[in-house]
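Each chain, letter by letter, is given below.
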Amino acid sequence: MNNKDYEICCGCSRGLSKEAVGRQDKQLNTYDWLADVPGNTDTTDLVEVQFKHTRKGYYHNVNRLDLKKGDIVAVEANPGHDIGVVTLTGRLVKMQLKKANLRSADDIKRIYRLARPVDMDKYREAKAREHETMIESRQIAKDLGLKMKIGDVEYQGDCNKAIFYYIADERVDFRQLIKVLADTFHVRIEMKQIGARQEAGRIGGTGPCGRELCCATWMKNFNSVSTNSARFQDISLNPQKLAGMCAKLKCCLNYEVDSYVEASRRLPSKEVVLQTLDNDYYLFKSDILAGMITYSTDKNIAANLEIITAERARAVIDMNRHGEKPASLQDDGKRKEQNRPVDLLANGDITRFDKAKKKKKQNVKGQRQAANGQQRQGGTPRRENRQPSPQDGGRTSQELRQQQEHHHNAQENGGQDENNGRTAQQRGRNGRRPGNRQPRNNQKQDAKE
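On a predicted model such as this, the values are computed, not experimentally measured, just so you know.

Asker: Which parts of the structure should I look at to understand helix α2 (residues 92-100)?
Answerer: Structurally, the α-helix is built with 3.6 residues per turn, so residues lying three or four positions apart point the same way. For α2, the full list of buried residues reads Leu92, Val93, Gln96 and Leu97. Seen along its axis, α2 keeps its buried residues to an arc of 150 degrees; they face one direction. Summarising the geometry of α2, the exposed residues directed more than 90 degrees from the buried face are Met95 and Lys98. The inward-facing, buried residues of α2 abut β1 (46-50), β2 (56-60) and β4 (81-89). Once α2 finishes, asparagine 101 follows within two positions and takes phi at roughly 60 degrees, a positive value.

Printed below as a string of structure tokens:
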């Protein structure tokens, strides 16, 4: 059976598809731009092989096997053999050796053969034991009282050796731990200490920029990061913003620091004071990449800010050295007009809100009076859609309103009341005219008489 029938990933114990292997290889992928050049592999027999996660090794292809990127091979180990995936061949492997600082030829072992089905079955068996071994080893370390955390376990391809990756802030004496682990798992034990950045790369996550962590995708060589990188870029020294998911300084602080250092050389010193005819100006802030500097007339606060270029600042410094003082910091030498703040309430009336409240009260009072007067005249508010009732003589509200208006006009003109000759049923309920109500007791006495 051909080894290409087996698609494996160095970080998993299961067989994976070709797409999954391709995504995993992109983390530590090195683009071989000499792959199509004839004779690329004839110049050297060195091959780069990747194992679980970030572990890589370099081996001699002594048997002159036709190896390509993605082939699964069995390589020499101490003791036994290990299984890995070819990631790079040709001339670029020599450059990778310099980056890995492997100068001794004793560190470079041999490639035995392409992986066989028997090797793959052994490999899967070894990977299946890793998770259980990690959980059990953590409990053993806890029982021994060791201040360490075992983050991962990697078995060798032939199950003869196991590498324990641990994290510890202090120096740990794990000699007793190695004895217990060897008696428990019956394999050769190797302990490797990793840092917080390596652990974050193994776990993965999303950074504050919204993208996946750099240590979990492409960056595997961790350089030291100091607060000087933040100072060069004029970043606030806030520990909460400068720290990453690993609780260490963000690795991205080193990405653009060289550009900022080079651009800051074109800016004048922060201690230099610019002198003009009207005032002295102190550096307030600077835009390093744009080359713009903001000066203030006060050392501590922003007062009379002037924004000029770095070239203009150097020109003013040269003039001050020769005893000259410009009229202003601007290039044209004119003084900057001070923009006075506009007072929007300068012509406003203080009592404008009080008048509005009084009007509102008057309007409410007038509405109440009108409603009370309407009730006195008609007894009920006007409603156009009122249905006729027997008490009103079968007349609608509109007819009653017209009758009231006609009666009112007749009184003003000195005429007689038109309602005198009408019956009690026409005038209203109980013989009362609208607006001339009488007590009920008086009505009863009139009825008796």
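There's plenty left to go through after this.
Asker: What's the story with the sheet that holds strand β7 (residues 161-167) in this structure? I'm lost.
Answerer: The strands making up a sheet are joined through hydrogen bonds of the backbone, oriented either antiparallel or parallel. Taken together, the three strands give an open sheet; going across it, the order is β6-β7-β8, and neighbouring strands pair in mixed fashion. Since the sheet does not close on itself, it has two edges, and those belong to β6 (149-155) and β8 (188-193), each with one partner. Across the sheet, the mean angle from the axis of one strand to that of its neighbour is 25 degrees, orientation sign disregarded. Strand direction decides the pairing type here: β6 and β7, joined by six bridges, are antiparallel. Across the sheet, the residue bridging to glutamate 154 is isoleucine 163, located in β7. Along the sheet face, helix α5 (residues 175-185) touches β6, β7 and β8 and points at about 135 degrees away from the line of β8.

Asker: I would appreciate a short explanation of the pattern of salt bridges in the present structure.
Answerer: Side-chain pairs of opposite charge can arise where the charged atoms are in close proximity. As enumerated under the stated definition, the model contains 14 salt bridges in all. When the shortest N-O distance is used, the salt bridge between arginine 110 and glutamate 76 registers 3.5 Å. Of this pair, arginine 110 sits in strand β5 (residues 109-114) while glutamate 76 sits in strand β3 (residues 72-76), and the two are 34 residues apart along the sequence. You can call arginine 110 partly exposed: its relative accessible area is 41%.

Asker: Just to check I follow, could you spell out unusual backbone geometry for this structure?
Answerer: Across residues other than glycine, the phi torsion is negative in most instances, and most of the peptide bonds are trans. In this structure, the amide linkage connecting asparagine 78 to the following residue, proline 79, adopts the cis form with an omega of 0 degrees. Positionally, proline 79 belongs in the loop between β3 and β4. The phi torsion at arginine 64 lies on the positive side, around 55 degrees, for a residue other than glycine. Secondary-structure assignment places arginine 64 in the loop between β2 and β3. Given a relative accessible area of 61%, arginine 64 falls into the exposed group. Within the chain, histidine 186 stands out as a residue other than glycine whose phi angle is a positive 60 degrees. Mapped onto the secondary structure, histidine 186 falls in the loop between α5 and β8.

Asker: Teacher, can you tell me more about the side chain of glutamine 96 here?
Answerer: Of note, glutamine 96 is situated in helix α2. Not counting the four nearest positions on each side in its chain, glutamine 96 is found in contact with Thr30, Glu48, Tyr58 and Leu88.

Asker: What is the right way to read the packing of aromatic side chains from this model?
Answerer: Both the distance between ring centres and the angle between the ring planes are used here to describe each pair of aromatic rings. In total, this model carries three aromatic pairs according to the counting rule given. For the pair phenylalanine 164 and phenylalanine 185, a centre-to-centre distance of 6.4 Å together with 35 degrees between the ring planes defines the contact as tilted. Taken as a pair, phenylalanine 164 in strand β7 and phenylalanine 185 in helix α5 lie far apart in primary sequence, 21 residues in all. Since its relative accessible area comes to 0%, phenylalanine 164 is described here as buried.

Conventions used here
- Residues take numbers from 1 onward in each chain, read along the sequence in its written order.
- In keeping with the model being predicted, local features are shown solely for residues with a pLDDT of at least 70 and side-chain atom pairs are shown and tallied solely at 80 or more, while totals for entire chains, interfaces and linings include all residues.
- Calculation of side-chain values draws on the structure's entire complement of heavy atoms; hydrogens and water are dropped beforehand.
- Note on classification: 1.4 Å probe, protein chains only; a residue is buried when its accessible area is under 20% of the maximum for its type, exposed when over 50%, partly exposed between these limits.
- The helix count covers DSSP runs of H or I at least four residues long, the strand count covers runs of E at least two residues long, and both are numbered beginning at the N terminus.
- By definition, the arc is the one covered by directions from the helix axis to the C-beta atoms.
- Contacts are residue-level and defined by heavy atoms, with any inter-residue pair within 4.5 Å sufficient.
- Whether two strands pair depends on DSSP finding at least two bridges between them.
- Axes here mean lines fitted to C-alpha atoms, for a helix over just the part in contact, with angles spanning 0 to 180 degrees between N-to-C directions.
- We define a salt bridge as a contact between a side-chain nitrogen of Lys or Arg and a carboxyl oxygen of Asp or Glu at a distance within 4 Å.
- Aromatic pairing here means that ring centres of Phe, Tyr or Trp (its six-membered ring) are within 6.5 Å. Orientation follows from the plane angle: under 30 degrees is stacked, over 60 is edge-to-face, and everything else is tilted.

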